Amino acid sequence: FMKIPHPQWTPERAVTDGSAHDGKEEADANSNEANNIGLPASYVTTNTMQFPLLWLTVFGNATGGLALLSSSKVMLTDIFAGVSPDIVTPAFSTGYVSALGVGMALGRFGWSAISDVLGRQNTYAVFGLGIPIVGLTPYLCHMASGCDSSLGQGR
C-alpha cells in the first residue's frame, strides 16, 4: 500500500534546473494546489488509496491512544485492584495515568525522529506489529485478573 515511484521518475511539471521558471508568480500560484511530488492535492486525496489508508491509520492511532488514556484509570482499578489491592491504590492509578500521558507525549516526538531514520514504509511496518498486541490485550487482561491472588503467599 506504500508505493514508491521508480528512482528516475519525475512529475510532468517538475523543474530539473533553475532556468525553466524565471517568474516567481507562476510557482506561487501552483504551490497552493500541488504537493511536493508535483501532483495536484485533489488528485492525491481522491484518486489514490494511500491517502485514505494513511489517514485512517493516523486517525485510528490517535483515537485509540486517547481512548486508552481516558479509560486507563478505570481499567487499572477494575482489572488489577482485585489481584493486588495493596499496590493498585488511587494514588498509584493516578500516577499510572500521568506516566501514560507523558509517555504518549514523548512517543510522538520519538516516533517522528525514528521515522526519519527508518523511513516511511518501515515505520508503518513497525506500527503494524502493534495490531497483535492490541488484539491480545483483552485476553491478557482477562488472564491477569483471573490469576490466583494468593500468589506470593505461603501455601
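1. With respect to the overall build of the protein chain
Along the backbone of the protein chain there are six helices and zero strands. Across the 155 residues that make up the protein chain, the buried fraction comes to 8%. The contacts of the protein chain with a sequence gap of at least 6 include a subset with a gap of at least 24, amounting to 57%. As displayed, the protein chain has an accessible area near 11800 Å², and 65% of this comes from carbon and sulfur atoms.

2. A word on the side chain of Ser72
Along the chain, Ser72 falls in helix α3 (residues 50–80). Sequence-distant contacts of Ser72, defined by excluding residues within four places in its chain, comprise Tyr96, Val97 and Leu100.

3. Description of the packing of aromatic side chains
For the structure shown, the criterion picks out one aromatic pair. For the pair Trp55 and Phe59, a centre-to-centre distance of 5.0 Å together with 5 degrees between the ring planes defines the contact as stacked. Of this pair, Trp55 and Phe59 are both found in helix α3, four residues apart, which corresponds to roughly one turn of the helix.

4. Quick word on the packing of helix α5 (residues 120–128) against helix α6 (residues 130–145)
Contact pair α5 / α6: the axes reach a minimum separation of 5 Å and the direction vectors enclose 20 degrees. Here α5 lies roughly parallel to α6, going by the angle between them. Contact residues: α5 offers Val126, Phe127 and Gly128, while α6 offers Gly130, Ile131 and Pro132. Of the residues that constitute the contact of α5 with α6, the class distribution is four nonpolar, two polar and no charged.

5. Observations concerning a nonpolar patch on the surface
A cluster of nonpolar side chains, Trp111, Ile114, Leu118, Val126 and Leu129, forms an exposed patch at the surface whose accessible area comes to about 420 Å². With three residues, helix α4 (residues 90–118) is the largest single contributor of residues to the nonpolar patch. As for its position among the elements, Leu129 is in the loop between α5 and α6. Since its relative accessible area comes to 57%, Leu129 is described here as exposed.

6. Some details on α6
With 16 residues, α6 extends 22 Å from end C-alpha to end C-alpha; this agrees with the ideal 22 Å at 1.5 Å per step. Taking the largest bend as the criterion, α6 deviates by roughly 40 degrees, centred on Thr137, and proline Pro138 comes between one and four positions later.

The rules behind these values
Residues numbered from 1 in each chain as written. Predicted model: local features only at pLDDT ≥ 70, side-chain atom pairs only at ≥ 80, totals over all residues. Heavy atoms only, no water. Helix = DSSP H or I, 4+ residues; strand = E, 2+ residues; numbered from the N terminus. Buried < 20%, exposed > 50% of the residue type's maximum accessible area, 1.4 Å probe, protein only. Contact = heavy atoms within 4.5 Å. Areas by Shrake-Rupley, 256 points an atom, 1.4 Å probe, with all protein chains shown as cover. Phe/Tyr/Trp six-rings, centres within 6.5 Å; stacked < 30°, edge-to-face > 60°. Axes fitted to C-alpha atoms, helices over the stretch in contact; angles between N-to-C directions. Parallel < 35°, antiparallel > 145°, perpendicular 65-115°, else oblique. Nonpolar A, V, L, I, M, F, W, Y, C, P; charged D, E, K, R; others polar. Patch = residues over 30% accessible without salt bridge, like charges linked within 9 Å, V, L, I, M, F, W, Y side chains within 5 Å. Salt bridge = Lys/Arg side-chain N within 4 Å of Asp/Glu carboxyl O. Expected span 1.5 Å × (residues − 1). Bend = angle between axes of the 7 residues up to and from the residue.

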